[in-house]
Amino acid sequence: MDGSRQAGTAPAVTPAPPSGAGGAGTRTGAEAGTNRPTVAGPAKSNRRAPLGQLLIARGLITEDQLRIALIEQGIRKQPIGKVLVALGFLSEAMLRDALAADLGTEQVDLSRVVPDRMALELISREFARTNLVFPVSLDPQSRTLKVAVTSPNDIVLLDRLRELLPPDHSISAIIGAEGDISTAIQQHYEYSWSIDGILNEIETGEIDTESLDASGKDYSGPVVRLVDSILADAVQRRASDLHFEPEAGFLRIRYRIDGVLRQIRAIHHKHWSSMLSRLKIISGMNIAESRAPQDGRCSLTVYGRTIDFRAAAQPTLHGENFVLRVLDRNAALLPLPNLGFEPDQLEMVETMISRPIGILLVTGPTGSGKTTTLYSMLQRQNRIDVNIMTLEDPVEYPLPMVRQADLSTGIKMEFASGIRSLMRQDPDIILVGEIRDADTASMAMRAAMTGHQVFSTLHTNSAVGALVRLFDLGLTPELLAGNLVGIIGQRLARRLCHSCRQPYDIAEDVARMLELAPDAPRVLYRAVGCPKCEYQGYRGRIAIIETLRLDDELDELIVGRCSQWELLRAAQKKGFRPIAKAALRRVVLGDTSFEEAARVVDLTRIGTGEDRPDGA
């Protein structure tokens, strides 16, 4: 999180926090006084310093950031911890860890917890949502209920919890992040809004009280709740895209989950007009325009966290088609080691990133995770002493302390002219969303040659094939040699569900193609399907990656205008593993199936010689 800090040069301030400003929850140790409830687990004296000063002392925020947050707190009327997280000065996990360390209380990451059903039955969904608590587990021996709360010193809340439990039960309060608690409540209790109930209400006019928001909010129109419920359902099922597709007599709703479209529902066509209006309103589109394509964007709070949606409407034969891209910052902004690089590949990428000048390319088809990889590399370089500028079309995820320019907002700037403008902003690192044409390629290379580090993407089928594409765009081999740092090629394949994957024996010729050792097991895995993976056989995705680092020897081959074949042979002698072999390695490890690897990577040339490159 070093990248989210800012230099604090102003004199120290020690403001007294307003009421409710001590942390991410409703009350804090400083506000609750010195009397603590008797709870199981470690105990420590209450926090003496305000939360802001505590975070400064731990080096998590600066005095300038605290001053900004206090001003913003007066506007938002929210706890100071929540304001700091909303401003991007620190993460909920960092806030949770700091509070836990100061109070001597256990903290929990609810995203990694499978709750105890017996614990869930002790606290109702309504109480959990209203008071922001989540039951984690129940010890059958000691009858201790462990609950996640935002502030373990909230005496009133703990007393109310005790009233819900049998007399022989006790409470152990642990710290959980506010967003994590909200998400856990939504995921592990019943849905707050029932899609079937809302549809029944629309069609019959009868209000389904079970579908109303249990938090006590005012009743809202059924179409509004229907759209919100569909969006929440898509986020909960990890969809990357939502498709609303009108047909002659019905509306088809499909989610893209793990890279594959699935039909989720079919709704009568008469509901589409009002649903479309709602979608256009929240996306900032013109609801009166139905004959021209429109783009939009919206940001909603789903399951306690902010989810961005990128929207696109397209007129078709039976009405406007509407597609939403789900942009979940928590799921996409991953540390570099979590992207799926193998150890030798990660070391090579770290080496390439460490070069202060030059251009680094990430290649692959649409939806292969190129943007996620670029953002992870930017996060790795994001420091207070580095100026990072980006040109994107559009900006998918806002990054703290990174200056991002969105070319999709109608501004009169393209990638080529944008790079020229960015070079006057004193950048150290430049990210170009995509190299599409000769002008963009030329300007990106010029930026790399003039002492900048440049990251960009390119649509090619392989890392070696990217060179052919760059030649087609007018870059000469002499220009590329020494300035092109490296190329990363990647695909995303569905991960086999480990709960139901099934082993099977393979033939000897298949073992030779997979380059298995003579004494290695002749066993692969196939997809089956179970409730945990919604009977798909796959859950989640893995990255299949090839990394090509250009050194002096390969640069000399490029200057000599060698063929793609010669460059590939030379790279393989240096340990380069083509993406087809990287995919087969994932198959052998049991991470994915042979059929899934063949779906995303061309495996037809494996075993035919030396994996001849397939070009751009």
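Thresholds, definitions, all that
Residues numbered from 1 in each chain as written. Predicted model: local features only at pLDDT ≥ 70, side-chain atom pairs only at ≥ 80, totals over all residues. Heavy atoms only, no water. Helix = DSSP H or I, 4+ residues; strand = E, 2+ residues; numbered from the N terminus. Buried < 20%, exposed > 50% of the residue type's maximum accessible area, 1.4 Å probe, protein only. Contact = heavy atoms within 4.5 Å. Areas by Shrake-Rupley, 256 points an atom, 1.4 Å probe, with all protein chains shown as cover. Axes fitted to C-alpha atoms, helices over the stretch in contact; angles between N-to-C directions. Parallel < 35°, antiparallel > 145°, perpendicular 65-115°, else oblique. Left-handed = near helix turned anticlockwise from the far one by under 90°. Nonpolar A, V, L, I, M, F, W, Y, C, P; charged D, E, K, R; others polar. Pairing = 2+ DSSP bridges. Salt bridge = Lys/Arg side-chain N within 4 Å of Asp/Glu carboxyl O. Phe/Tyr/Trp six-rings, centres within 6.5 Å; stacked < 30°, edge-to-face > 60°. Lys NZ or Arg CZ within 6 Å of the ring centre and 35° of its normal. Disulfide = S-S within 2.5 Å. pLDDT = per-residue confidence, 0-100.

1. Focus: the overall build of the chain
Alright, step 1. The helix and strand tally for the chain stands at 24 helices and 18 strands.
Alright, step 2. Residues classed as buried in the chain amount to 49% of the 616 residues present.
Alright, step 3. Counting contacts in the chain only where the partners sit at least 6 residues apart, residues at least 24 apart contribute 63% of the total.
Alright, step 4. Here the chain has roughly 28300 Å² of accessible surface; of this, 49% comes from carbon and sulfur atoms.

2. Points about the packing of helix α16 (residues 415-422) against helix α17 (residues 438-449)
Alright, step 1. Following both chains from N to C, one finds α16 and α17 inclined at 20 degrees, their axes separated by 8 Å at the closest point. Considering their axes alone, α16 and α17 lie roughly parallel with respect to each other. Helix-helix and strand crossings are classified by hand; for α16 and α17 the assignment is left-handed. Packed against α16, whose contacting residues are Phe-415, Ala-416, Ile-419 and Arg-420, the element α17 presents Asp-439, Thr-440, Met-443, Ala-444 and Ala-447 at the interface.
Alright, step 2. Residue composition of the contact of α16 with α17, grouped by class: six nonpolar, one polar and two charged.

3. Remarks on the pairing of strand β11 (residues 388-392)
Alright, step 1. With five of five residues buried, β11 is to be regarded as a mostly interior element.
Alright, step 2. Here β11 pairs with strand β13 (residues 429-432) via four bridges, running parallel. Paired with Thr-390 across the strands is Leu-431, a residue of β13.
Alright, step 3. Two elements, β11 and strand β12 (residues 403-406), share four bridges in a ladder whose sense is parallel. Directly across from Glu-392, in β12, lies its bridge partner Asp-406.

4. Here we look at unusual backbone geometry
Negative phi characterises most residues that are not glycine, and trans characterises most peptide bonds.
Alright, step 1. For the peptide bond that leads from Asp-393 to Pro-394, omega is 0 degrees, which places it in the cis range.
Alright, step 2. Mapped onto the elements of the fold, Pro-394 is located in the loop between β11 and β12.
Alright, step 3. Phi at Leu-132 takes a positive value of approximately 55 degrees, unusual for a residue other than glycine.
Alright, step 4. The residue Leu-132 is located in the loop between α7 (125-131) and β1 (134-139) in this model.
Alright, step 5. The class for Leu-132 is buried, based on a relative accessible area of 19%.
Alright, step 6. Even without glycine at this site, Arg-143 takes up a positive phi of about 55 degrees.
Alright, step 7. Note on Arg-143: relative accessible area 38%, which makes it partly exposed.

5. What to know about the sheet that holds strand β15 (residues 484-496)
Pairing between the strands of a sheet comes from backbone hydrogen bonds, and it takes one of two forms, parallel or antiparallel.
Alright, step 1. Taken together, the seven strands give an open sheet; going across it, the order is β12-β11-β13-β14-β10-β15-β18, and neighbouring strands pair in mixed fashion. Across the chains shown, the open sheet's two edge strands, defined by having one partner strand only, are β12 and β18 (538-549). On average, adjacent strands in this sheet sit at an angle of 15 degrees to one another, irrespective of strand direction.
Alright, step 2. Sheet analysis places β15 next to β18, joined by ten bridges and oriented antiparallel. Residue pairing for β18: Gln-490 is matched across the bridge by Ile-545.
Alright, step 3. Here helix α18 (residues 465-472) sits on the sheet in contact with β10 (358-363), β14 (453-458) and β15, set at roughly 125 degrees to β15.

6. Description of the sheet that holds β1
Alright, step 1. Strand order in the open sheet formed by three strands is β1-β2-β3, with mixed pairing between adjacent strands. Two strands close off the open sheet at either side, each with one partner strand: β1 and β3 (170-175). Sheet twist, expressed as the mean angle between neighbouring strand axes with direction ignored, is 25 degrees.
Alright, step 2. Here five bridges tie β1 to strand β2 (residues 144-149), and the two strands are oriented antiparallel to one another. Across the sheet, Pro-135 pairs through a bridge with Val-147, a residue of β2.
Alright, step 3. Across the sheet, helix α8 (residues 155-164) is in contact with β2 and β3; its angle to β3 comes to roughly 140 degrees.

7. With respect to the pattern of salt bridges
Alright, step 1. Within the structure shown, the criterion is met by 32 salt bridges.
Alright, step 2. Ionic pairing is found between Arg-310 and Glu-396, a salt bridge with its closest N-O pair at 3.3 Å. Taken as a pair, Arg-310 in strand β8 (residues 305-316) and Glu-396 in the loop between β11 and β12 lie far apart in primary sequence, 86 residues in all.
Alright, step 3. Classification of Arg-310 as partly exposed rests on a relative accessible area of 22%.
Alright, step 4. Overlapping salt bridges, with partners in common, bring together Asp-233, Arg-237, Arg-262 and Glu-534 in one network.

8. Considerations on the side chain of Glu-434
Alright, step 1. Mapping Glu-434 onto the fold places it in the loop between β13 and α17.
Alright, step 2. Sequence-distant contacts of Glu-434, that is, excluding residues within four places in its chain, are made with Phe-415, Thr-440, Ser-456, Thr-457 and His-459.

9. Some thoughts on the packing of aromatic side chains
Alright, step 1. What the rule picks out here adds up to two aromatic pairs.
Alright, step 2. On the numbers, 5.7 Å between centres and 15 degrees between planes, the contact of Phe-244 with Trp-272 is stacked. Of the two residues, Phe-244 sits in strand β4 (residues 239-246) while Trp-272 sits in helix α12 (residues 272-283), which places them 28 residues apart along the sequence. You'll find Phe-244 and Trp-272 in the same group, each marked buried.
Alright, step 3. Seen from their ring centres, Tyr-375 and Tyr-397 are 5.9 Å apart, and the 80 degrees between their planes marks the pair as edge-to-face. Of this pair, Tyr-375 sits in helix α15 (residues 370-381) while Tyr-397 is found in the loop between β11 and β12, placing the two residues 22 residues apart along the sequence. Summarising the burial analysis for this pair, Tyr-375 and Tyr-397 share the class buried.
Alright, step 4. The ring of Tyr-538 carries the charged tip of Arg-494 above its face, separated from the ring centre by 4.2 Å.
Alright, step 5. Directly above the aromatic system of Tyr-504 lies the positively charged group of Arg-526, at a separation of 4.2 Å from the ring centroid.

10. Details of the state of the cysteines
Alright, step 1. In the structure shown here, the tally under the stated rule is zero disulfides.
Alright, step 2. Cys-500 supplies the cysteine sulfur nearest to Cys-530, a cysteine that is in no disulfide, at a spacing of 3.7 Å.
Alright, step 3. On the accessibility criterion, Cys-530 (11% relative accessible area) is buried.

11. Regarding the confidence of the model for the chain
Alright, step 1. The predicted model of the chain has a mean per-residue pLDDT of 82, with 83% of residues at 70 or higher.
Alright, step 2. In this model residues 1-47 is a low-confidence stretch, pLDDT under 50, and it forms 124 contacts with partners more than four residues away in sequence or in other chains.

12. Quick word on the packing of helix α11 (residues 222-236) against α12
Alright, step 1. Relative orientation of the contacting elements α11 and α12 amounts to 70 degrees, with a least axis distance of 9 Å. When the interaxial angle is binned, α11 and α12 end up roughly perpendicular. The handedness of the crossing between α11 and α12 is right-handed. Touching Val-223, Val-224, Leu-226, Val-227, Asp-228, Ile-230 and Leu-231 of α11 are Ser-274, Met-275, Arg-278, Leu-279 and Ile-282, all from α12.
Alright, step 2. Looking at the contact of α11 with α12 residue by residue, the classes come out as nine nonpolar, one polar and two charged.

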